[in-house]
There are 2 protein chains.
Amino acid sequence: MNIVLLSGGSGKRLWPLSNDIRSKQFIKFFKQEDGSYESMVQRVYRQIKKVDSDATVTIATSKTQISAIHNQLGDEVGISVEPCRRDTFPAIALATCYLADVMKVDPEESVVVCPVDPYVDDAYFEALKGLSDQADKGEANLVLMGIEPTYPSEKYGYIIPESAEQTASVKTFKEKPTAAVAEEYIAQGALWNGGVFVYKLKYVIEIAHKLIDFTDYYDLFAKYDSLQKISFDYAVVEKEDKIQVQRFSGEWKDLGTWNTLTEAMEESVIGNGTMSEDCSNVHIVNEMDVPVLAMGLHDVVISASPEGILVSDKEQSSYIKPFVDNFEQQIMFAEKSWGSFKVMDVEDKSMTIKVTLNEGHSMNYHSHKHRDEVWVVISGEGKTIVDGMEQNVSAGDVITMSAGCRHTITAISELKLIEVQLGDAISVEDKQKFELEL
Amino acid sequence: MNIVLLSGGSGKRLWPLSNDIRSKQFIKFFKQEDGSYESMVQRVYRQIKKVDSDATVTIATSKTQISAIHNQLGDEVGISVEPCRRDTFPAIALATCYLADVMKVDPEESVVVCPVDPYVDDAYFEALKGLSDQADKGEANLVLMGIEPTYPSEKYGYIIPESAEQTASVKTFKEKPTAAVAEEYIAQGALWNGGVFVYKLKYVIEIAHKLIDFTDYYDLFAKYDSLQKISFDYAVVEKEDKIQVQRFSGEWKDLGTWNTLTEAMEESVIGNGTMSEDCSNVHIVNEMDVPVLAMGLHDVVISASPEGILVSDKEQSSYIKPFVDNFEQQIMFAEKSWGSFKVMDVEDKSMTIKVTLNEGHSMNYHSHKHRDEVWVVISGEGKTIVDGMEQNVSAGDVITMSAGCRHTITAISELKLIEVQLGDAISVEDKQKFELEL
């Protein structure tokens, strides 16, 4: 099975854990049998590999997610990087060309496109295999997944099939309806549209060439920012007559808000949290080092991270976005390809951060125009290069770098350091990268 | 008026703002007209000075509160330091001897002893003056304050006076009753016991000499830890026949819990906090740098500090103490006589703290056996002394100190620094102090 996971945007609806640079799919909410936690994307990837160990998995995403993907899934997974956001048709076309031109997948093979964040059991991925097999037959140009509705939801689009058979032709599509209209659809045998598209690779390549003037993946990538924003539904699905739907009746949840997410959590507390016995339906997700204490609460989610603290009625948690948009958000924590950093202190003319470098990783070789920096290594072994001079460092070593001075550090073993930045104009933009001249 | 304020213990009931070393009376909850905030002790001290600008104010407290008292009230205020906790009779006897032997107060003068944390208006302190004047007359050996009850409280002891006059002899005392019994007392004209004791200085000195073998204040201080734990009520009040009570009907609140404290707060948010419009009776007290967002909550208090995060139903907030007692509490923030510090990061073999030194102040000259330290000055001007060597420092300067090396820093202007401690056994106990040999 060739599977493309669409890994969406920033998702402030799970603030303070998700933010502009950390998407919800990378947050480790789900406890595994061995006691460790996995993220949505790790869970989905693990499930796919369990159902089909030979599956080719490609994640269609933006540049900002590459580090997190490699940190969480390793280097085996394919990544189709969207240079900018251009809606689902360009994203799927680019990922499909990536499969054809980079991964050399046969144009006759089927491709399964699905969201990166469904909360499902393994049966869902078995069903995807079924869809892929169905597309292989060539009876239709597109095969979709229809989820059997459990209630007249207003959140989903509906697919009305020609028959109640497991695989049926699609009669018509319906936009998100009111609950009353949804009940009518369901009476007609309608299914929720699961956002899954299955097709033979050549099918989308041909449509892409009709709609966009390009030669191959590399050309499409180069002109990506000039592409029109258009959805796959609008560009492809609505114009296609030969569409089938396969029904799926297993567990399927959309974990977009704290309310739905906490329903899927195994435990009521992740991190350092305590609650009194009279709390009911309370969840604590605490990424900070200090304790959270909840007393006498009902139907509340508490989440604390270096970005902030949310305390919300579960129902109301769907409405946090406009509030969060108003916060002047300094990124206080980030996972990078080389490790992570956490902002510990911000003053007018200084900023202090904690940097963790993964074993074998380095920062870019870089300098700053407007700030001096001091590193104090607190654990691990590493090697610094400062203006071309190499030095081995370990806990207790101090490295001072004036503005303009080029510097990097490589972790021989996992290395942690405190970085103090000093200057009148401290900014993430103030960074010049250089090739190492060694 | 000579007034002794009894400044009590740690008060975990306002966790995470109060803790083992930071008592509730020093937290700045109360907004003043100029927009700044004052603490309970600042509010009470200001009110006393307004009512009686010549008042001699002495705070009876433990050593741990001295820094906070001087920071908040300046150096004018007297402090009677209890070397250890020995209940109210020894504390009041010690403070009374302090007034006699250190402050040279005339034995014929009256002394007003009152709690440090009543939330009252100026009329309360006018009433204390009235009690002091009454004690001056010598009609009774003790004059107490009786608060006119507003409801049959189970939280207070009751005083039953001989008559309903403004000043009356005390008929009898009653322990904290049930609500039903309290109603009976009130029907008999009972008053709440306000915890105020007024007497002529010589009266308590004489009783102290009867009960304790000592010569003067200095001797009593020296043998303080051998004294029996006994309350002033038990040792003095219950054995005295000549007691009067003066009634007080003004505002009087006991701000011991988040529930009562938030009732006295002018604003619903202190610090960085936002709440949705559908929140009702919600208070946010946030001492952290990051935002707190409250959505759809009712009757809830949220408090965040470097020690932890409390989210509690207001009623239930009275019951946090046993939970907080269970937390392994590392002190993450402290106000000192010279400034303050905040723990920013704790690892196995390192700890990183931010230190703020007030202008003109110094640390002790000290060394550590088991850790190295690095200072990075982030703002201000100062002078370091390291193993006897002086150096002027300012932002960007780095000072490294190996274990055993003696060091101090003086702030010429307010000075902030990041201190990284490195070692296998980092502990607050690992500190040797030295006289400066300059």
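In what follows, the structure referred to is the one given above.
Just so you know, these numbers come straight off a predicted model, no measurement behind them.

**Brief notes about the interface of chain A and chain B**
The interface of chain A with chain B comprises 50 residues on the first partner and 50 residues on the second. When chain A packs against chain B, close to 3,900 Å² is buried across both sides, 72% of that on carbon and sulfur atoms. Counting the surface chain A buries against chain B, the share from its top three residues, Leu293, Met295 and Ile309 of chain A, is 18%. Two residues, Lys416 of chain A and Glu347 of chain B, come together in a salt bridge whose shortest N-O distance is 3.0 Å. Where chain A meets chain B, there are 16 residue pairs in polar contact (both at pLDDT 80 or more). Broken down by element, the side of chain A that touches chain B gets its largest block of residues, six residues, from strand 19 (residues 308-313) of chain A. For the side of chain A that touches chain B, the class distribution of residues is 33 nonpolar, ten polar and seven charged. Alignment of strand 17 (residues 292-295) of chain A against strand 19 (residues 308-313) of chain B, held across four bridges, turns out to be parallel. Its bridge partner being in strand 19 of chain B, Met295 of chain A is matched across the sheet by Ser312 of chain B.

**Quick look at unusual backbone geometry**
With an omega of 5 degrees, the peptide bond between Trp15 of chain A and Pro16 of chain A qualifies as cis. In this structure, Pro16 of chain A sits in the loop between strand 1 (2-6) and strand 2 (28-31). In this model, Asn281 of chain B sits at a positive phi of 50 degrees, which is unusual for a non-glycine residue. Turning to its location among the elements, Asn281 of chain B is positioned in strand 16 (residues 280-286). By relative accessible area, which is 43% here, Asn281 of chain B ends up partly exposed.

**Some thoughts on the relation of the copies chain A and chain B**
Least-squares fitting of chain A to chain B yields an RMSD of 0.2 Å, with the transformation described by 0.0 Å of translation along the axis and a rotation of 179 degrees. Here the copies are linked by what is in effect a two-fold axis. Rotation axis and chain A: the residue whose C-alpha lies nearest the axis is Met344 of chain A, separated from it by 3.0 Å. Of all interface residues in chain A, 100% are interface residues in chain B too; the two copies therefore contact each other through one and the same surface.

**What to know about the sheet that holds strand 19 of chain A**
Here we have six strands laid out as an open sheet, ordered 14(A)-16(A)-18(A)-19(A)-17(B)-15(B), and mixed in their pairing. The open sheet is flanked by strand 14 (269-270) of chain A together with strand 15 (273-275) of chain B, the only strands paired with a single partner. Strand direction decides the pairing type here: strand 15 of chain B and strand 17 (residues 292-295) of chain B, joined by three bridges, are parallel. Pairing of Gly273 of chain B across the sheet is with Val292 of chain B, part of strand 17 of chain B.

**A word on empty space enclosed by the protein**
All names here are of chain A. As enumerated under the stated definition, the model contains one cavity of 30 Å³ or more in all. Computed from the structure, the largest cavity encloses a volume of approximately 40 Å³. Contributing to the lining of the largest cavity are Pro16, Leu17, Asn19, Arg22, Glu287, Ser305, Pro306, Glu307 and Phe333.

**Some thoughts on the environment of Ser18 of chain A**
As for its position among the elements, Ser18 of chain A is in the loop between strand 1 and strand 2. For the pair Ser18 of chain A and Asn2 of chain A, spaced 16 residues apart in the sequence, the C-alpha separation amounts to 29 Å.

**Observations concerning the state of the cysteines**
Residue and element names in this part refer to chain A. Under the criterion given, the structure shown has zero disulfides over all chains. Of the cysteine sulfurs around Cys97, a residue in no disulfide, the closest is that of Cys84, at 15 Å. A relative accessible area of 2% places Cys97 in the buried class.

**Regarding the pairing of strand 28 (residues 407-411) of chain B**
Residues and elements named next belong to chain B. The element strand 28 is largely enclosed, with a buried count of four among its five residues. Pairing of strand 25 (residues 381-386) with strand 28 involves five bridges; the strand directions are antiparallel. Paired with Thr384 across the bridge in strand 28 is Ile409.

Conventions we followed
Residues numbered from 1 in each chain as written. Chains lettered and ligands numbered in written order. Predicted model: local features only at pLDDT ≥ 70, side-chain atom pairs only at ≥ 80, totals over all residues. Heavy atoms only, no water. Contact = heavy atoms within 4.5 Å. Buried area = accessible area lost by both parts, 1.4 Å probe. Salt bridge = Lys/Arg side-chain N within 4 Å of Asp/Glu carboxyl O. Polar contact = N/O pair within 3.5 Å; in protein donor to acceptor, adjacent residues only side chain to side chain. Helix = DSSP H or I, 4+ residues; strand = E, 2+ residues; numbered from the N terminus. Nonpolar A, V, L, I, M, F, W, Y, C, P; charged D, E, K, R; others polar. Pairing = 2+ DSSP bridges. Buried < 20%, exposed > 50% of the residue type's maximum accessible area, 1.4 Å probe, protein only. Least-squares fit on C-alpha atoms with pLDDT ≥ 70 in both. 1 Å grid on protein atoms, 1.4 Å probe; cavity = no way out; pocket = protein on both sides within 12 Å on 5 of 7 lines; lining within 4 Å. Points joined across faces, edges and corners; volume = space filled by probe spheres on them. Disulfide = S-S within 2.5 Å.

Fair warning: the whole summary comes from geometry, so function is off the table for now.
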